[in-house]
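What follows is each chain in one-letter form.
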Amino acid sequence: MILTVTLNPAYDMTYRVENFEPGRAHRVSSVEQRVGGKGINVTRVLNQIGKYSRATGFADHTFSAAAERELPVDFVHALPWVRRTVVISECHDGSATSLWEPGARLTNPDAVDQLLVRVGGLVGEAGGIVVSGSLPGGVRASLPADLARIGIDAGVPVICDVDGLALEAAARVPGVILMPDLDELAALTGAHPATTDEAAAAAAALVDAGAAAVIV
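We now turn to the structure provided with this report. (Residues numbered from 1 in each chain as written. Predicted model: local features only at pLDDT ≥ 70, side-chain atom pairs only at ≥ 80, totals over all residues. Heavy atoms only, no water.)

Some words on the pairing of strand β8 (residues 128–132)
One face of the sheet, then the other: side chains in a regular strand alternate in exactly this way. Most of β8 sits out of view: 5 of its 5 residues are buried. Burial along β8 is two-sided: the residues G128, V130 and S132 and I129 and V131 are all buried. Relative to β8, strand β1 (residues 2–6) runs parallel, the two being bridged by 5 bridges. What sits directly across from I2, in β8, is G128. Two elements, β8 and strand β9 (residues 158–161), share 4 bridges in a ladder whose sense is parallel. Paired with I129 across the strands is V158, a residue of β9. Handedness of the β-α-β unit built from β8, helix α4 (residues 143–153) and β9 comes out right-handed. (Buried < 20%, exposed > 50% of the residue type's maximum accessible area, 1.4 Å probe, protein only. Helix = DSSP H or I, 4+ residues; strand = E, 2+ residues; numbered from the N terminus. Pairing = 2+ DSSP bridges. Right-handed = clockwise from strand over helix to strand, strands pointing away.)

Right, dumping it as structure tokens:
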């Protein structure tokens with residue numbers, strides 16, 4: 001089982017419009033909505049290809065019920081509501097404009113400890129853990145690193161696909177697998193790679209500092 005952790009889930013909304021122009025009203029030709037967030041999307045794809053995966057993290061009751069109709073989930077109900085990510089898709093040229101809400105602030109003061117306990121209880125069944133995406137308000141930046149330590153201490157590979165201060169904290173966990181983009185790699189290492197070889201050299205510096213692997 002691959003366990004994914006999504007701390008700031010979202011309803012992924014796609015609006016399809018014709019001749020999209022900023023600053024004017026549009027009729028939407030179709031709307032699609034599904035439960036999402038980076039870790040949840042990983043769970044969706046893994047189950048589609050026949051690899052059992054379960055999603056955990058923070059949610060509210062409504063989102064959790066919607067996700068449970070499609071995927072194996074085990075959320076901590078700690079958010080007052082779940083944000084939306086809206087993609088406006090232009091029908092003619094296929095271009096897309098994305099609007100990402102920041103998400104609700106965590107309201108349950110015990111939610112972080114509850115999630116750590118939940119992941120600790122599931123780690124024995126896991127062949128790998130993926131911690132992905134942004135953090136909701138009220139959550140300390142070190143939480144992905146704390147989750148990574150639970151898996152690594154149990155001998156389970158952990159991928160952290162996070163950014164900002166959360167990525168910096170995760171990079172200090174020995175044995176973690178990191179997934180920075182080029183900008184995040186530059187923030188971690190001070191290098192600004194312009195070629196594949198330069199990116200590999202910057203990633204190698206993180207491996208030398210303790211990461212198990214770096215995927216850029």
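Okay, back to it.
Observations concerning the nonpolar core
The biggest cluster of nonpolar side chains holds 58 residues, and the ones touching the most others in it are F58 and I129. For this core, the element with the highest residue contribution is helix α3 (residues 111–122), accounting for 6 residues. (Core = buried A, V, L, I, M, F, W, Y, C linked by side-chain atoms within 4.5 Å.)

Side note on the packing of helix α6 (residues 182–189) against helix α7 (residues 196–208)
Relative to each other, α6 and α7 sit at 50°, their axes nearing to 10 Å. On the basis of their axis angle, the class for α6 and α7 is oblique. Relative to α7, the crossing made by α6 is left-handed. Facing α6, whose interface residues are L182, L185, L188 and T189, α7 presents A199, A202, A203 and L206. Residue composition of the contact of α6 with α7, grouped by class: 7 nonpolar, 1 polar and no charged. (Axes fitted to C-alpha atoms, helices over the stretch in contact; angles between N-to-C directions. Parallel < 35°, antiparallel > 145°, perpendicular 65-115°, else oblique. Left-handed = near helix turned anticlockwise from the far one by under 90°. Contact = heavy atoms within 4.5 Å. Nonpolar A, V, L, I, M, F, W, Y, C, P; charged D, E, K, R; others polar.)

Some words on the environment of R27
With respect to the element layout, R27 can be found in the loop between β2 (10–17) and β3 (28–36). Put simply, R27 and Y15 are 12 residues apart on the chain and 9.6 Å apart in space, counted from C-alpha to C-alpha.

Let's talk about the sheet that holds strand β11 (residues 213–214)
Strands sit in the order β5-β4-β1-β8-β9-β10-β11 across an open sheet of 7 strands; the sheet is parallel. Every other strand in the sheet has two partners, leaving β5 (73–77) and β11 as the edge strands with one partner each.

A word on the sheet that holds β3
Judged by pairing direction, the sheet is mixed, and its 4 strands sit side by side in the order β3-β2-β6-β7 without closing on themselves. Looking at which strands have only one partner, the edges of the open sheet turn out to be β3 and β7 (96–100). Going from strand to strand, the sheet's axes swing by 15° on average, the running direction of each strand aside. Inspection of the sheet shows β2 paired to β3 by 8 bridges, in the antiparallel sense. Residue pairing for β3: Y11 is matched across the bridge by V35.

The quantities given are spatial measurements derived from coordinates; they are silent on function.
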